[in-house]
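Listed here are the chains, written in short residue letters.
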Amino acid sequence: MQCEDTLAMTTGVIRNTMDRIYRTYAELITIPTFEERYEYLKSNSRVGSPTFGFDRYLNQQFYLCPEWRETRRKIILRDNGCDLGCYGFEIHSSFVIHHLREITADDVRERRPICFNPNNLITTKLQTHNAIHYGDKSLLVVAPIARSRNDTCPWR
Ligand SMILES: [Zn+2]
C-alpha cells in the first residue's frame, strides 16, 4: 500500500525483513537534521516488487475520502508545511503525506486507525517521498537554505 502520490510508482511494496517495524513520528522529530530524518524514514522497499491489481483503485478512493482529507490537512499544519517536519524546509510545491509504517490494502479497506494516526504520518514533498520509497538519497533535493533574520534553528 502506498502514500498518495505513488500511483506512478511501483505498487505493492514488500518490506525488507531488516526494515524497522515501527517508525514513529514521535521518534522522528527527535532527530535533528533533515538528512538524518531521511535516513530514519527511508524504506528498504525494492522497485519491481510484485504488484496488487486493486491497489490503484483502493488508493484513489482512500485519498479522496473526507476523513483522509481532514487528517492530511492537520498533518500539514502540525508540520508547518515543512518537508519531514524540518524547520527551514518549507514546501512550495505539493504536499505528500507519508505513512511511516506502510499501510496495507486491508488497513485501507477497513479504514483502520493506523491510516489516520498522526504518529504514523509525516509531511513530505514529492522528491523526498520518492527518495524515501526508493531508498535513494540522490533523489533528495537538499537545496541551500535561505536563512531569515529570525531563523534560530540550531542545527543548520
Ligand atoms: Zn510514503
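Residues numbered from 1 in each chain as written. Predicted model: local features only at pLDDT ≥ 70, side-chain atom pairs only at ≥ 80, totals over all residues.

> Help me understand the overall build of the protein chain in this model?
If you tally the helices and strands in the protein chain, you get 6 helices and 2 strands. Mapped in sequence order, the helices and strands of the protein chain form the string α-α-α-α-β-α-β-α. Out of the 156 residues in the protein chain, the part that is buried amounts to 26%. Taking the intrachain contacts of the protein chain between residues at least 6 apart in sequence as the baseline, contacts between residues at least 24 apart amount to 76%. (Helix = DSSP H or I, 4+ residues; strand = E, 2+ residues; numbered from the N terminus. Buried ≥ 20, exposed ≤ 12 C-beta atoms within 10 Å, placed from the backbone. Contact = placed C-beta atoms within 7 Å.)

> Where do I start with helix H4 (residues 66–78) in this structure?
For an α-helix the count is 3.6 residues per turn, leaving residues at separations of three or four pointing the same way. Over its 13 residues, H4 runs 18 Å from end to end, which matches the ideal 18 Å to within 8%, given 1.5 Å per residue. Backbone geometry just after H4 places Asn-80 at a positive phi near 55°. (Expected span 1.5 Å × (residues − 1).)

> What is the right way to look at helix H3 (residues 55–64) in this model?
Looking at H3, one finds that the buried residues are Asp-55, Asn-59 and Phe-62. Projected onto a plane normal to the axis of H3, the buried residues spread over an arc of 70° and lie on a single side. Away from the buried face of H3 by more than 90 degrees, exposed residues Tyr-57, Gln-60, Gln-61 and Leu-64 are located. Packing partners of the buried residues in H3 comprise H4 and helix H5 (105–109). (Arc of directions from axis to C-beta.)

> Is there a simple way to think about the pairing of strand S2 (residues 121–125) in this case?
Every regular strand shows the same layout, with side chains that alternate between the two sheet faces. For S2, the buried fraction is high: 5 of the 5 residues fall into the buried class. Alternating positions in S2 separate into two faces, Leu-121, Thr-123 and Lys-125 on one and Ile-122 and Thr-124 on the other, with burial throughout. Looking at chain direction, strand S1 (residues 95–99) and S2 are connected through 5 bridges and run antiparallel. Looking at S2, one finds that Phe-95 is bridged to Lys-125. (Pairing = 2+ DSSP bridges.)

> What exactly am I supposed to notice about the nonpolar core here?
The tendency in soluble globular proteins is for nonpolar side chains to be buried side by side. Counting 15 residues, the largest nonpolar core has Phe-34, Tyr-38, Leu-84 and Ile-97 as the members making the most contacts within it. Per-element tally for this core: the top contributor is helix H2 (residues 34–41), with 3 residues. (Core = buried A, V, L, I, M, F, W, Y, C linked by C-beta atoms within 7 Å.)

Everything listed here is a matter of geometry and, on its own, says nothing about what the molecule does.
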